[in-house]
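What the coordinates show
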Amino acid sequence: MGQLRKDPITGRWIIIAPEEGRDPCKFIVRKHIKKGGMCPFCEGHEGMTPPEIFAFRNHGTHPNTPGWQVRVVSNKFPALRIEGNLDKQGIGIYDMMNGIGAHEVIIETPDHYKEICDLDSAHIELVIKAYYQRYVDLQGDNRFKYIIIFRNYGRDAGASLEHPHSQLIALPIVPKRVKEELKGARQYFDYRGRCVFCDIITQEL
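Residues numbered from 1 in each chain as written. Predicted model: local features only at pLDDT ≥ 70, side-chain atom pairs only at ≥ 80, totals over all residues. Heavy atoms only, no water.

**Thoughts on the overall build of the chain**
Of regular secondary structure, the chain possesses three helices and nine strands. In sequence order, the chain lays out its α and β elements as β-β-β-β-β-β-β-α-β-β-α-α. When each of the 205 residues of the chain is scored for burial, the buried share is 32%. Counting contacts in the chain only where the partners sit at least 6 residues apart, residues at least 24 apart contribute 60% of the total. A total of about 13300 Å² of accessible surface is found on the chain, and carbon and sulfur atoms cover 55% of it. (Helix = DSSP H or I, 4+ residues; strand = E, 2+ residues; numbered from the N terminus. Buried < 20%, exposed > 50% of the residue type's maximum accessible area, 1.4 Å probe, protein only. Contact = heavy atoms within 4.5 Å. Areas by Shrake-Rupley, 256 points an atom, 1.4 Å probe, with all protein chains shown as cover.)

**Structural notes on helix 2 (residues 176-192)**
For helix 2, which comprises 17 residues, the first-to-last C-alpha distance of 24 Å matches the rise-based estimate of 24 Å (1.5 Å per residue) to within 8%. Positive backbone phi, at 75°, marks Gly 193, one or two positions downstream of helix 2. (Expected span 1.5 Å × (residues − 1).)

**Concerning a nonpolar patch on the surface**
A cluster of nonpolar side chains, contributed by Tyr 132, Tyr 135, Val 136 and Ile 149, occupies part of the molecular surface with about 360 Å² of accessible area. The element that contributes the greatest number of residues to the nonpolar patch is helix 1 (residues 121-139), accounting for three residues. Position of Ile 149 among the secondary structure elements: in strand 8 (residues 146-150). Of the residues examined, Ile 149 reaches a relative accessible area of 31% and is grouped as partly exposed. (Patch = residues over 30% accessible without salt bridge, like charges linked within 9 Å, V, L, I, M, F, W, Y side chains within 5 Å. Salt bridge = Lys/Arg side-chain N within 4 Å of Asp/Glu carboxyl O.)

Right, dumping it as structure tokens:
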């Protein structure tokens, strides 16, 4: 299991994998699956992924079979694992805890060739509803303090599969940068009496 350790210099929490004592010269470069290759996220390949956690499905279809529109599975190579206890402790200069969290993949469409901009508004609504459903479910776990949903696009951004998908990570801590943004937003409101995010949107529009 990975660990979360607090950097005593910056105050940021970092994820480490102490059991991964690999030679730094022997990094594995994951194969980037091109369009038309054997993609585990394509419909009909459900057995190539971990079991589905949630899905919007066609009526009468069963979990982990074809017939889905949006499908959520655990990440096969998770940064954090949902099983276990945090076991917070201080060892020497480090505050640390077990690498407990959630790391999920939201497969946005069964169609390998459609990007999110190609989907109709009803299907995009299903993707957002899947985000919401997973957020609400994980929010009920009192170990988690922060949930982020993000989307890598392309190999340079870290996506190892071209099939349209997003990722969700639930953390047992609130990242330092998020705390700083919230503090800054409050200071802006206290000084100006307005929401900084509303002002940014208004000015950009």
